[in-house]
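Each chain, letter by letter, is given below.
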Amino acid sequence: MTIIKYPEAVLRQKAKSVNRITSEIFNLAESMITTMLENDGVGLAANQVNSLWRIFIINLRPGEDKPEPIVVLNPLIVKTEEDVEDEEGCLSFPGLYLNVPRFNKVTLHYQNLYNEKVIIETSGLVARAIQHEYDHLNGVLFIDHVTEKDREKLNQYLSNLNKQI
Ligand code: CO
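Being a predicted model, the structure only gives us computed values, none of them experimental.

A. Spotlight on the overall build of the protein chain. Scanning the protein chain from N- to C-terminus turns up three helices and five strands. Mapped in sequence order, the helices and strands of the protein chain form the string α-β-β-β-β-β-α-α. Computed over C-alpha atoms, the radius of gyration of the protein chain comes to 15 Å, within 12% of the 15 Å expected from 2.2 N^0.38 for 165 residues, which places it in the range of a compact globule. Considered along the principal axes of its C-alpha atoms, the protein chain spans approximately 45 × 35 × 30 Å. Within the protein chain, the fraction of its 165 residues that count as buried is 44%.

B. Structural view of the coordination of the cobalt ion. Surrounding the cobalt ion are the protein donor atoms Cys90 (SG), His132 (NE2) and His136 (NE2), which sit 2.1 to 2.2 Å from the metal. Spacing between the donor residues of the cobalt ion along their common chain follows C-x41-H-x3-H. Of this pair, Cys90 sits in the loop between β3 (69–88) and β4 (98–111) while His136 sits in helix α2 (residues 124–137), and the two are 46 residues apart along the sequence. In this structure, Cys90 and His136 share a single accessibility class: buried.

C. Examining the nonpolar core more closely. Core analysis: the largest hydrophobic core is formed by 16 residues, its most contacted members being Phe56, Ile58, Leu108 and Ile130. Of all the elements in the fold, those that place two or more residues in this core are β2 (55–59), β3, β4 and α2. Here the element with the most residues in this core is α2; it accounts for six residues. Sequence-distant contacts of Phe56, that is, excluding residues within four places in its chain, are made with Met32, Leu44, Ala45, Ile70, Val71, Val72, Pro75, Leu108, Ile130, Glu133, Tyr134 and Leu137.

Quick notes on the rules
- All residue numbers refer to position in the chain's written sequence, counted from 1.
- This being a predicted model, a pLDDT of at least 70 is required before a residue's local features are given, and a value of 80 or more before pairs of side-chain atoms are given or counted; all residues contribute to the totals for chains, interfaces and linings.
- To get the side-chain values, take all heavy atoms of the structure and skip hydrogens and water.
- Per the convention used, a helix needs a DSSP run of H or I reaching at least four residues, while a strand needs a run of E reaching at least two, with both numbered from the N terminus.
- Radius of gyration here uses only the C-alpha atoms, and the compact-globule reference equals 2.2 Å multiplied by the residue count raised to the power 0.38.
- Exposure is judged per residue with a 1.4 Å probe applied to protein chains only, and the accessible area is read against the type maximum: over 50% gives exposed, under 20% gives buried, and values in between give partly exposed.
- Sodium, potassium and calcium take a 3.2 Å donor cutoff, other metals 2.8 Å, and in both cases only N, O and S atoms count; water is not among them, so sites may look incomplete.
- We define the nonpolar core as a collection of buried residues of types Ala, Val, Leu, Ile, Met, Phe, Trp, Tyr and Cys that are connected through side-chain atoms lying within 4.5 Å of one another.
- Residues count as neighbours in contact if any of their non-hydrogen atoms are within 4.5 Å of one another.

Structure representation (structure tokens):
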């Protein structure tokens with residue numbers, strides 16, 4: 001699948017809940033896993049492949065030889081702990097890395113493709129990716145969280161984009 005790049009409008013739209021896990025949802029999830037792995041992403045949200053279902057994929061083992069992608073439907077972050085700031089990128093903004101404040105630990109409730117309720121507690125890079133993908137489903141992008149010290153870097157990136165369009 002082609003990854004939608006900023007400033008396509010779908011990246012600013014809010015995705016809708018998955019009520020029935022149809023073959024369309026199954027196929028979408030499978031293609032999203034492949035697309036995320038091909039692009040070395042830690043996560044990928046449906047908006048980024050031009051779909052508006054509340055689905056994202058997360059690799060629970062980023063940087064390891066054997067990836068462990070999970071399909072997350074209808075996510076809800078129910079608990080967050082510890083402020084942390086670190087560098088972050090997004091497949092919809094090739095070449096842009098910004099320091100973004102996030103929580104170090106999150107507890108996530110979601111449904112899997114078999115309509116089972118799942119709870120995971122995680123920290124570090126995976127927790128960061130979960131917050132990033134969760135934002136995508138609400139039309140929120142990592143550039144919205146830019147810190148004062150990276151604002152100039154972001155402005156430069158956006159002005160280069162405008163020149164290309
Ligand atoms: Co992203």
